[in-house]
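A structural walkthrough
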Amino acid sequence: MLATLARVELETVTPKSEGFKMPGEYELHEGCWMIWPERGDNWRYGGYYAQKAFVEVAKAISRFEKVTMCVSPENWQVARGMLPEHIRVIEMTNNDSWMRDVGPSFVVNNGGEIRGVSWDFNAWGGLRGGLYFPWDQDDLVAAKVCDIEGKALYYAPFVLEGGSIHVDGEGTCITTEECLLNPNRNPDLTKEQIEYLLKEFLGVEKVIWIPRGVYNDETNGHVDNLLCYVRPGEVALTWTDDINDPQYAISREAYDVLANTTDAKGRRLKIHTIYQPNPIIITPEEAEGVHPMDGTMPRQAGDRLAGSYINHYIANGGVVMPLFNDPHDELAMTKLQEIYPDREIVGVYAREIILGGGNIHCITQQQPKGRI
């Protein structure tokens, strides 16, 4: 399968070869996709509290754009009853609720045609540190979404999750070495070969590699928890001034990379820093509500979760961000309003989501607007 240098022999056409690219999240959306939380080995009490949080996220996003919630057959009636009528609820089998990682990454061409990319999903590490097993139904979600929407689909021949990439829509992708170079993803591919594949399936010209993601992030350092594009040429980065916090060195390392590179257009990046919440620690009560099984991620009292305000969703005319009842919540909302002056900032209490291992950006996937 492997060719010389950075190239990989591909048996199929790629988005780039057919004139498609992934747009930035801040570009116009057709709508947003989510998956209902319910597994008791990840969400406490079978998702009872997480479902309420997902409803609030869906309601917030639906103020700005259409929302579709995908739900297992067993929980369709529950979800339909809890969600407002204007939110579409679709029956879809799944393994867990991380639509960002298992759903399609949509790409668009100059004519406004939308297609999807299905990445090979292995639950953040497969049998070498993955967070649950099996993941076969999650690996089908991208195809199901595109089938429902009548969109053609590209199958990318390597492991990747949607939360591990951010693009600017103008030729640049940012990712982390900690995640994409982890041997539990694509051990037979070199960094150069992975970069080549990113360019082919995202339609980009340049990849910026950040060494590490947020401290203790169980996804092996997804970039969407550390930093994000807010518009072309500008990024927001999670931050702390506490030199004793493990995140201190990680954020400064990322800042140095970003400050000393240019994007695909040759621009220096403008970097906005957003102070992180105080360390979020799992309580004994929260841990007792989760019943881990063999091969799933345990939730143990005293564990630190990877809290970040960067893990927000950019909607049409709005930004939906996580709140933690933390002293830094208000500061983060103010900072995001400065960064997104033309969008309404909406906060949703998201502790129940982060208890499951991610946050608002992780549970959502935007579908860009196509032909008008």
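Bear in mind the structure is a predicted one, so any value in this text is a computation, not a measurement.

Tallying secondary structure elements over the protein gives ten helices and 18 strands in all. For the protein, the proportion of its 372 residues judged to be buried stands at 60%. Per element, the accessible surface of the protein, about 14,700 Å² overall, is 49% carbon and sulfur. Where the 34 positive side-chain charges of the protein centre and where its 54 negative ones centre are 6 Å apart.

One finds Met-34, Val-57, Leu-83 and Ile-353 to be the most contacted residues of the largest nonpolar core, which totals 50 residues. The element contributing the most residues to this core is helix α1 (residues 48-62), with eight residues. What Leu-83 contacts, discounting residues up to four positions off in sequence, is Trp-36, Val-55, Ala-58, Met-69 and Val-89. Core analysis: the next-biggest nonpolar cluster, separate from the first, contains 40 residues, Ile-250, Leu-269, Ala-306 and Tyr-309 among them.

Listed as buried for helix α4 (residues 141-149) are Val-141, Ala-142, Val-145 and Cys-146. Viewed end-on, α4 has its buried residues packed into an arc of 130°, placing them on one side of the element. Where α4 is buried, its residues meet β1 (29-35), α3 (99-102), β4 (105-108), β5 (114-120) and β6 (153-159). Once α4 finishes, Gly-150 follows within two positions and takes phi at roughly 70°, a positive value.

Here we come to the sheet that holds strand β15 (residues 313-315). With mixed pairing, three strands are arranged side by side in an open sheet as β15-β16-β17. The outermost strands of the open sheet, each flanked by one partner alone, are β15 and β17 (344-349). Averaged over neighbouring strand pairs, the angle between their axes works out to 25° when direction is ignored. Contacts between α1 and the sheet are confined to β15, β16 (318-323) and β17, with β17 contributing the most and set at about 170° to the helix.

A few words on the environment of Gly-233. Inspection of the secondary structure assignment puts Gly-233 in the loop between β10 (227-231) and β11 (234-239). For Gly-233, a relative accessible area of 8% corresponds to the buried category. Put simply, Gly-233 and Thr-172 are 61 residues apart on the chain and 9.5 Å apart in space, counted from C-alpha to C-alpha. If we ignore the near neighbours within four places in the chain, the residues touching Gly-233 are Asp-263, Arg-267, Arg-268, Leu-269 and Lys-270.

Right, let's get into unusual backbone geometry. In this chain, Phe-133 is followed by Pro-134 through a cis amide linkage whose omega measures 0°. With respect to the helices and strands, the residue Pro-134 is situated in the loop between β5 and α4. The residue Trp-124 is not glycine, and still its phi comes out positive at about 65°. By the element assignment, Trp-124 lies in the loop between β5 and α4. Backbone geometry at Asn-220 places phi at a positive 65°, although glycine is not the residue there.

Moving on, we get to the state of the cysteines. Here the structure, examined in full by the defined rule, presents zero disulfides. Unpaired in terms of disulfides, Cys-179 finds its nearest cysteine sulfur in Cys-173, a separation of 11 Å. The buried category is assigned to Cys-179, whose relative accessible area is 0%. Cys-228 takes part in no disulfide bond, and the closest cysteine sulfur, belonging to Cys-362, lies 12 Å away. Cys-228 gets classed as buried once you look at its relative accessible area, which sits at 3%.

Before going further, it helps to spend a moment on the pairing of β6. Looking at chain direction, β5 and β6 are connected through four bridges and run parallel. The residue bridging Ser-118 from the neighbouring strand is Tyr-155, located in β6. In the classification by handedness, the crossover that spans β5, the intervening α4 and the parallel β6 is right-handed.

Moving on, we get to the pattern of salt bridges. A complete count under the given rule lists 23 salt bridges for this structure. In this structure, the salt-bridge partner of Glu-205 is Lys-16, at a minimum N-O distance of 3.4 Å. Residue Glu-205 is located in the loop between α6 (191-202) and β9 (206-210), and its partner Lys-16 is located in the segment before β1; the two are separated by 189 residues in the primary sequence. Residue classification places Lys-16 among the partly exposed residues on the basis of a relative accessible area of 27%. Of the charged contacts in the structure, one is a salt bridge between Glu-253 and Arg-212, with a shortest N-O distance of 2.9 Å.

About the criteria used
Residues numbered from 1 in each chain as written. Predicted model: local features only at pLDDT ≥ 70, side-chain atom pairs only at ≥ 80, totals over all residues. Heavy atoms only, no water. Helix = DSSP H or I, 4+ residues; strand = E, 2+ residues; numbered from the N terminus. Buried < 20%, exposed > 50% of the residue type's maximum accessible area, 1.4 Å probe, protein only. Areas by Shrake-Rupley, 256 points an atom, 1.4 Å probe, with all protein chains shown as cover. Lys, Arg positive; Asp, Glu negative; His and termini not counted. Charge placed at Lys NZ, Arg CZ, Asp CG, Glu CD. Core = buried A, V, L, I, M, F, W, Y, C linked by side-chain atoms within 4.5 Å. Contact = heavy atoms within 4.5 Å. Arc of directions from axis to C-beta. Pairing = 2+ DSSP bridges. Axes fitted to C-alpha atoms, helices over the stretch in contact; angles between N-to-C directions. Disulfide = S-S within 2.5 Å. Right-handed = clockwise from strand over helix to strand, strands pointing away. Salt bridge = Lys/Arg side-chain N within 4 Å of Asp/Glu carboxyl O.

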